Amino acid sequence: MGIGGIGGLDREAHVAEGTGAAAAPRTLAEALRARGDEGLAALLRARPDLLNPVPNDLTQLATRAGTRGSVVRALERLDRFALQTAEALAVAPDPAPYPVLLGLLTGDEGDATIGAALPGAVALLREQALVWGEDDRLRLVRTARELLSPSPQHPSPTGLGPTVAEATSGMSPGRVQEIIGAAGLAATHDPVSAVAALTGLFTDRARMGALLDEAPPEALAVLDRLVWGPPYGEVTANPAPPVRWLRDRGLLLPVSARTMVLPREVALHLRGGRAHRAPEPVAPEVGVLREHRPQVVDSAAAGQAYTALATVEELLKSWDKGGPQVLRAGGLSVRDLRRTAAALDVTEQVAAFWLELCHGAGLLASDGEADERYAPTPAYDDWLDLPPAERWARLVAPWLASTRTPGLAGGQDAKGRALSVLGPDLDRAAAPEVRHRVLGLLATLPPGAAADPETLFARLRWERPLRGAAGAPGAGGSGAGGSGDEGAGPSLPDDLRSRLARWSLAEAELLGLTGRGALSAPARALLNLPLAEAASPADEGGGVEESVAAERAATLLAPLLPEAVDHVLLQADLTAVAPGPLRRPLADALAVLADVESKGGATVYRFTPGSVRRALDSGLAASDVHAFLAAHSRTPVPQPLAYLVDDVARRHGHLRVGAASAYVRCDDDTVLGEILADRRSAALGLRRLAPTVLAAQTDPASLLDGLRAMGYAPAAESVEGDVLVTRADAYRTPARTAPVPVPDGPPAPDATLLGAAVKTIRAGDRAATAVRREPSAPAPAGSLPRTSSAETLATVQAAAMTGSAVWIGYVNADGAASQRVIAPVRVEGGFVTGYDHTADEMRTYPLHRITGVAELADDQV
């Protein structure tokens, strides 16, 4: 294109990857073949989708790396400057020399920062097989060029339009000659040379400047509106004089009868040679909003962690008898969500988070019954028995890996259906990556520093400008807006990635991973990050198992949590004050004997006739209640409370309810007379069977509730006449496993898999590219070798004796044909055993399945 103004490029200072004495690669496969094993492993690590299944050879790997789906995934994982580099290559000549690429990014004036960052961006694109070739012939893979190149339907992220040659491809030769004449160029004999002359004019800085000096001011104003994109403009059938002046000289070229376009060469001249208005070679810094002492942050985070544990326990305890019903389409109804939010005294959005957290940790699930309901799982009981710090770790570790996004609840999916909490459509594969990255960026700040959210979101958008963006390649647009240029960028503050980041900050604060907006020490341990003050080399984090990291986090959190107490303070107003979190047995017993009145730093319990009766119904006697209160109170048992217990106990069980349909018996017939005379007993259908027995037309449970509503304290009895003890047995679902996060593409391969994959690809490539001796009758290209059985046997026996390798065609039991390079070591019993260079292992092949054999050239394996 002839872009000038490289700005003093020190070409010798740029070290090109892959330079050497070998010939320049002609294809991507050849470029991959020239890489070392570590280079191939880096490609497969960065693009794990290429491993499924493992390619047979490097040609297949190169083909797979150029498919649309794989290229789109690779582009989505580029940072902004690497993406801008790819976008610049998409509008550069193909192939493009390195100086041309640098000129497109720095412009005529040059930019030292861009010049320093560009080699790294090109190396990254090369590593991911998006760019190949030496520095004098850089090539963007064809699929990426198609995704990022400008077109009328999908403008380029750079805001540039088509070249002069592309825009004039359908223009008549006479019209092209008129344009070059109006532009002051000599007429030519053919359209090709005419277009070349016009392109030369537009890329010549001096002549182009002289031409624009003649332009009317109004014409220059038109160009100013189009220069940074979009480059297309609507015109009338009779355009204004400034537009006609530009059209006549080819500065605007017609796309249709009503649309004109600014040619790419003209726009680059007006931009000073830059493809982007604002290249961003350096990642934005995450700013500090405020700073606190690390101890204050850890204390605040620990307090919130304790609140999180209490909230989860309160939520699941309220569903101990079985929670709300599951919607037919799955999930929780809006009404039940509102009730849960009111019970927890939080907003519906926060209630949705706690519900999804319990579900993700495996503590809450549906029971799977015909009348399906939500209920705690058996894992919840095991979770309750753990120390508080370990319970916290069991919550936050699944949250980090979860793909559930409760922030989407209440919205609609692409088909207009409502998204419900615990429903099937709240998984977003990018959520775990965003959570880890948000906390990782917080960890880059000094201990105790809270991040400025806007700068944090800006950093995330720089790192993944296309992730979750409406204009991402393959998501309805060919990457338009990926560069972040004004008027062309989809990376809006409300894209999915930014919303995930905002929710992650709020959820981390709710869980106690952060305190006052800053990352806590337990959170650093959970993320395998170095601690602010490492006590030993083992505390430096990084690379340890997730379970070990969770244990370290729990160990750091445990001293910060309030210590559980084993006593309460009884008050004369029938209340008990718990001065801190109660130990598990005491808390469970007190929850039966009293009702929670208020929470906070100290929990207040209130004793009522109903709560005392609940304790007696659970099997306790009045003496047991008195002993319990005396043993666990640091203050004397108040007389009003003792009287309340004795009064309820005296009346408890005085009436007996059994099954007739139901009956009531009492030794005091006057009490039965009072019940019959009470109008409120009419609905129970009572009648006297004997002086001490009443029969009822309702079931025992309803009779018990009815008499208690009338102010009596009846007790249920068994068929033998004994008092029936009713215990508050909790309802649990069958054993359930925690939901598995939805993967964001294939999992990252480990070192063992990478090593085996590279070895397999290399072996297959050696077999596919092995040079064979020419047979007397050449076989068609791509066909298996064909030899007679006698020739096959003689050739493999000779190879076994000399230790040489041969090329064979083989058909397996399933009828699949393949080509292999083997080194025979033994031929007997109708089988040949040898080292298979394709599979890189010893194998045995039946001779009757070998279609033919050929010797390799002397310089081959």
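Residues numbered from 1 in each chain as written. Predicted model: local features only at pLDDT ≥ 70, side-chain atom pairs only at ≥ 80, totals over all residues. Heavy atoms only, no water.

K.L.:
What should I look at first to understand the overall build of the protein chain in this one?
P.N.:
For the protein chain, the count of helices and strands is 33 helices and 25 strands. Across the 861 residues of the protein chain, 48% fall into the buried class. Excluding contacts between residues fewer than 6 apart, the proportion of contacts in the protein chain whose partners are at least 24 apart in sequence is 66%. In the structure as shown, the protein chain presents an accessible area of about 39900 Å², 54% of it carried by carbon and sulfur atoms. (Helix = DSSP H or I, 4+ residues; strand = E, 2+ residues; numbered from the N terminus. Buried < 20%, exposed > 50% of the residue type's maximum accessible area, 1.4 Å probe, protein only. Contact = heavy atoms within 4.5 Å. Areas by Shrake-Rupley, 256 points an atom, 1.4 Å probe, with all protein chains shown as cover.)

K.L.:
When you look at the packing of aromatic side chains in this model, what are you seeing that I'm missing?
P.N.:
For any pair of aromatic rings, the description rests on two quantities: the centre-to-centre distance and the angle between the ring planes. Summed over the entire model, instances satisfying the criterion amount to 3 aromatic pairs. Here the aromatic rings of tyrosine 380 and tryptophan 383 are separated by 6.1 Å at their centres, their planes lie at 25°, and the arrangement is stacked. With tyrosine 380 and tryptophan 383 both in helix H19 (residues 378-384) and 3 residues apart, the pair spans about one turn of that helix. Judged by its relative accessible area of 2%, tyrosine 380 falls in the buried class. Residue classification places tryptophan 383 among the buried residues on the basis of a relative accessible area of 3%. Ring geometry for tyrosine 810 versus tyrosine 845: centroids 4.8 Å apart, planes at 70°, classification edge-to-face. Highlighted residues: tyrosine 810 in strand S21 (residues 806-811) and tyrosine 845 in strand S24 (residues 841-846), separated in sequence by 35 residues. When sorted by exposure, tyrosine 810 lands in the same class as tyrosine 845, which is buried. A cation over an aromatic ring shows up here: arginine 391 above the ring of tryptophan 383, its NZ or CZ 5.3 Å from the ring centre. (Phe/Tyr/Trp six-rings, centres within 6.5 Å; stacked < 30°, edge-to-face > 60°. Lys NZ or Arg CZ within 6 Å of the ring centre and 35° of its normal.)

K.L.:
In this structure, what is going on with helix H30 (residues 669-677)? I would like to understand it.
P.N.:
Two residues of an α-helix separated by three or four positions point the same way, owing to the 3.6 residues in each turn. Among all positions in H30, only Val671, Leu672 and Ile675 are buried. One side of H30 carries all its buried residues, which in axial view fall inside an arc of 100°. (Arc of directions from axis to C-beta.)

K.L.:
Would you explain the pairing of strand S19 (residues 693-696) in this entry?
P.N.:
Walk down a regular strand and you will see the side chains alternate between the two sheet faces. With 4 bridges connecting them, strand S17 (residues 662-665) and S19 associate as antiparallel partners. Bridging from a neighbouring strand, arginine 665 pairs with valine 693 of S19. Between the antiparallel neighbours strand S18 (residues 687-690) and S19 lie 2 residues. (Pairing = 2+ DSSP bridges.)

K.L.:
Could you clarify how one ought to interpret the pattern of salt bridges in this entry?
P.N.:
Pairing between side chains becomes possible if they bear opposite charge and their charged atoms approach one another. Under the definition given, this model contains 37 salt bridges. Its salt-bridge partner being glutamate 356, residue arginine 404 comes within 2.9 Å of it at the nearest N-O pair. Here the residue arginine 404 occupies a position in the loop between helix H20 (388-401) and helix H21 (431-443), and glutamate 356 occupies one in helix H18 (residues 348-360), the gap between them amounting to 48 residues. As far as the burial class goes, arginine 404 and glutamate 356 line up, both buried. (Salt bridge = Lys/Arg side-chain N within 4 Å of Asp/Glu carboxyl O.)

K.L.:
How do you make sense of the packing of helix H28 (residues 622-632) against helix H29 (residues 639-651) when you look at a structure like this?
P.N.:
How two helices pack is summed up by the angle between their axes together with the distance between the axes. H29 packs onto H28 with a crossing angle of 160° between their chain directions and a minimal axis gap of 9 Å. The orientation of H28 with respect to H29, classified from their angle, is roughly antiparallel. Here the hand of the crossing between H28 and H29 comes out right-handed. Facing H28, whose interface residues are Ala622, Val625, His626 and Leu629, H29 presents Leu641, Ala642, Val645, Asp646 and Ala649. Classifying every residue of the contact of H28 with H29 by side-chain character gives 7 nonpolar, 1 polar and 1 charged. (Axes fitted to C-alpha atoms, helices over the stretch in contact; angles between N-to-C directions. Parallel < 35°, antiparallel > 145°, perpendicular 65-115°, else oblique. Left-handed = near helix turned anticlockwise from the far one by under 90°. Nonpolar A, V, L, I, M, F, W, Y, C, P; charged D, E, K, R; others polar.)

K.L.:
Please explain the pairing of strand S15 (residues 603-606) as it appears in this structure.
P.N.:
Here strand S13 (residues 575-578) pairs with S15 via 4 bridges, running antiparallel. Across the sheet, residue alanine 576 finds its bridge partner in S15, namely tyrosine 605. Examined bridge by bridge, strand S14 (residues 595-598) and S15 share 3 bridges and lie antiparallel to one another. Residue valine 596 lies in a different strand from S15, and its bridge partner there is tyrosine 605.

K.L.:
Got a minute to help me understand the sheet that holds strand S5 (residues 259-261) in this structure?
P.N.:
Two orientations exist for strands paired in a sheet by backbone hydrogen bonds: parallel and antiparallel. Spatial ordering of the open sheet is given by S3-S5-S4, a layout of 3 strands whose pairing is antiparallel. Each edge of the sheet is formed by a strand with only one pairing partner; in this case those strands are strand S3 (232-234) and strand S4 (253-254). Across 2 bridges, the pairing between S4 and S5 is antiparallel. Note that in S5 the partner of proline 254 across the bridge is methionine 260.

K.L.:
I'm lost on unusual backbone geometry in this one. Help?
P.N.:
Leaving glycine aside, a negative phi is the common case for residues, and trans is the common case for peptide bonds. With omega at 0°, the peptide bond leading from aspartate 94 into proline 95 counts as cis. Residues glycine 229 and proline 230 are joined by a peptide bond in cis, for which omega reads -5°. A positive phi angle is found at alanine 129, which is not glycine, with a value near 60°. Its place among the elements puts alanine 129 in the loop between helix H7 (112-127) and strand S1 (131-132). Under the relative-accessibility criterion, alanine 129 is labelled buried at 0%. A positive phi angle, near 60°, is found at arginine 516, a position not held by glycine. Of note, arginine 516 is situated in the loop between strand S10 (514-515) and strand S11 (518-519). For arginine 516, a relative accessible area of 47% puts it in the partly exposed group.

K.L.:
Explain the nonpolar core to me, please; I cannot follow it from the model alone.
P.N.:
A general tendency of soluble globular proteins is for nonpolar side chains to be buried together. The biggest cluster of nonpolar side chains holds 94 residues, and the ones touching the most others in it are Leu32, Leu44, Leu61, Leu75, Leu198, Phe202 and Leu251. The biggest single contributor to this core is helix H5 (residues 80-91), with 8 residues. Sequence-distant contacts of phenylalanine 202, that is, excluding residues within four places in its chain, are made with Val164, Met208, Leu211, Arg249, Gly250, Leu251, Glu265, Val266 and His269. By size, the runner-up hydrophobic cluster in this structure holds 73 residues, among which are Ala305, Tyr374, Ala449 and Ala451. (Core = buried A, V, L, I, M, F, W, Y, C linked by side-chain atoms within 4.5 Å.)

K.L.:
Looking at this model, I keep getting lost on the side chain of arginine 64. Mind explaining?
P.N.:
Among the structural elements, arginine 64 can be located in helix H3 (residues 58-65). Of the side chains with opposite charge, aspartate 49 comes closest to the buried, unpaired arginine 64, at an N-O distance of 7.4 Å. At 2.2 Å, the side chain of arginine 64 forms a polar contact with the backbone oxygen of proline 53. Those residues in contact with arginine 64 that sit more than four places away from it in its chain are Asp49, Leu50, Leu51, Asn52, Pro53, Val54, Pro55 and Ser70. (Lys, Arg positive; Asp, Glu negative; His and termini not counted. Polar contact = N/O pair within 3.5 Å; in protein donor to acceptor, adjacent residues only side chain to side chain.)

K.L.:
Could you clarify how one ought to interpret the sheet that holds strand S25 (residues 850-855) in this entry?
P.N.:
With antiparallel pairing, the 5 strands of this open sheet are ordered in space as S24-S23-S22-S21-S25. Edge strands, defined here as strands with exactly one partner in the open sheet, are S24 and S25. Neighbouring strand axes in the sheet, compared pairwise and without regard to direction, differ in orientation by 45° on average. Strand direction decides the pairing type here: S21 and S25, joined by 5 bridges, are antiparallel. Looking across to S25, one finds that tyrosine 810 is bridged to isoleucine 850. The sheet strands contacting helix H33 (residues 789-802) are S21, strand S22 (817-828), strand S23 (831-836) and S25, and the helix crosses S22 at an angle near 65°.

K.L.:
Help me out: how do you make sense of the packing of helix H27 (residues 609-617) against H29 in this one?
P.N.:
As a packed pair, H27 and H29 sit with axes 10 Å apart at the nearest point and diverge in direction by 60°. On the basis of their axis angle, the class for H27 and H29 is oblique. In this structure, H27 meets H29 at a crossing whose hand is right-handed. Where H27 approaches H29, its residues Pro609, Val612, Arg613 and Leu616 are matched on the opposing element by Leu644, Val645, Val648 and Ala649.

K.L.:
Please clarify how the confidence of the model for the protein chain should be interpreted in this entry.
P.N.:
Mean pLDDT over the protein chain works out to 84, with 88% of the residues at or above the 70 mark. By mean pLDDT, strand S16 (residues 656-658) is the weakest element of the protein chain at 68, and H18 is the strongest at 96. Counting interchain partners and residues more than four positions distant, the pLDDT-below-50 stretch residues 474-493 has 63 contacts. The low-confidence segment residues 532-543 (pLDDT under 50) makes 13 contacts with residues lying over four places distant or belonging to another chain. (pLDDT = per-residue confidence, 0-100.)

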